[in-house]
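Chain by chain, the residues run as shown.
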Amino acid sequence: EDQVTQSPEALRLQEGESSSLNCSYTVSGLRGLFWYRQDPGKGPEFLFTLYSAGEEKEKERLKATLTKKESFLHITAPKPEDSATYLCAVQATGTASKLTFGTGTRLQVTL
Amino acid sequence: GAVVSQHPSWVICKSGTSVKIECRSLDFQATTMFWYRQFPKQSLMLMATSNEGSKATYEQGVEKDKFLINHASLTLSTLTVTSAHPEDSSFYICSARDTSGASYGEFFGPGTRLTVL
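This section reports on the structure supplied with the text. (Residues numbered from 1 in each chain as written. Chains lettered and ligands numbered in written order. Predicted model: local features only at pLDDT ≥ 70, side-chain atom pairs only at ≥ 80, totals over all residues. Heavy atoms only, no water.)

### Some remarks on the sheet that holds strand S8 (residues 70-75) of chain A
Residues and elements named next belong to chain A.
Piece 1. Read from one edge of the open sheet, five strands run S1-S3-S8-S7-S6, paired in antiparallel fashion. Pairing within the sheet leaves two strands with one partner each, and these edge strands are strand S1 (3-7) and strand S6 (56-59). Strand after strand, the sheet turns through a mean of 15° between neighbouring axes, direction not considered.
Piece 2. Note: strand S3 (residues 19-26) against S8, six bridges, orientation antiparallel. Its bridge partner lying in S8, Leu-21 is registered against Leu-73. (Pairing = 2+ DSSP bridges. Helix = DSSP H or I, 4+ residues; strand = E, 2+ residues; numbered from the N terminus. Axes fitted to C-alpha atoms, helices over the stretch in contact; angles between N-to-C directions.)

What follows is the structure in structure tokens.
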């Protein structure tokens, strides 16, 4: 059974204090690993898809990396507007297969 | 690109009535759409997979006669909550999968807040 574990559960950073969120996964065969951002009362916003170990993707202050067992979401010099819940999900091989989500990391960035 | 809309964004209804929620992929075609529900401070729970032109696949424990799903076209899926009760109150979110090469991903709608009185 596919599993995704995210840590920490919650993270509080000061503005400008860089950090990383972890997503550990087990999957029979990885089709893709997805990162999303979710604000309260809204649907998840797509950030990245990673396909294979060693792959990296960047968007503004966010950088996602992937190994065979885990993915990291690095946040460089965060701002208060980066406060949100960050969700990680994996999709097993087979384009119709569902996503398996982690429980998320709630990030709060303060001034 | 890869925009998914949902309508309505919120709905309040009386117990026993039925409510229909629409999910549309606005700039891509989606043979597969998904319906989730989310309780406060919890992650998304997949309810069913909606396949264009065929019957939906429901997750274990989800009543298919209560949550009717129709995927009539490559851009529209609907979820009807039949004979809604207060315990059906939740945040319902749809997603659509874009498998067109470079933009591969699963994209979510903004969600629908259902409150059953």
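### Section: the nonpolar core
Piece 1. Val4(B), Phe28(B), Trp35(B), Phe67(B), Leu79(B), Tyr92(B) and Leu114(B) are the most contacted members of the largest nonpolar core, which has 26 residues in total.
Piece 2. Apart from the residues within four sequence positions on either side, Leu114(B) is in contact with Val11(B), Cys13(B), Val19(B), Val81(B), Asp88(B), Ser89(B), Ser90(B) and Tyr92(B).
Piece 3. Core analysis: the second largest hydrophobic core is formed by 22 residues, Leu21(A), Leu47(A), Ala64(A) and Leu66(A) among them. (Core = buried A, V, L, I, M, F, W, Y, C linked by side-chain atoms within 4.5 Å. Buried < 20%, exposed > 50% of the residue type's maximum accessible area, 1.4 Å probe, protein only. Contact = heavy atoms within 4.5 Å.)

### Overview of the state of the cysteines
Piece 1. Under the counting rule described, the total for this entry stands at two disulfides over all chains.
Piece 2. Across a sulfur-sulfur distance of 1.9 Å, Cys23(A) and Cys88(A) are joined as a disulfide pair. Across the S-S bond linking Cys23(A) and Cys88(A), the dihedral sits near -60°, which makes this disulfide left-handed. Separated by 65 residues along the polypeptide, Cys23(A) in strand S3 and Cys88(A) in strand S9 (residues 84-92) bring together distant segments of the chain.
Piece 3. For Cys23(A), a relative accessible area of 0% puts it in the buried group.
Piece 4. One disulfide bridge connects Cys23(B) with Cys94(B), the sulfur atoms lying 2.0 Å from each other. Between Cys23(B) and Cys94(B) the disulfide shows an S-S torsion of about 80°. By sign, it is right-handed. Taken as a pair, Cys23(B) in strand S3 (residues 19-25) and Cys94(B) in strand S9 (residues 90-98) lie far apart in primary sequence, 71 residues in all. There is no split in this pair, since Cys23(B) and Cys94(B) are both buried.
Piece 5. Looking at the unpaired Cys13(B), the closest cysteine sulfur is the one in Cys94(B), lying at 18 Å. (Disulfide = S-S within 2.5 Å.)

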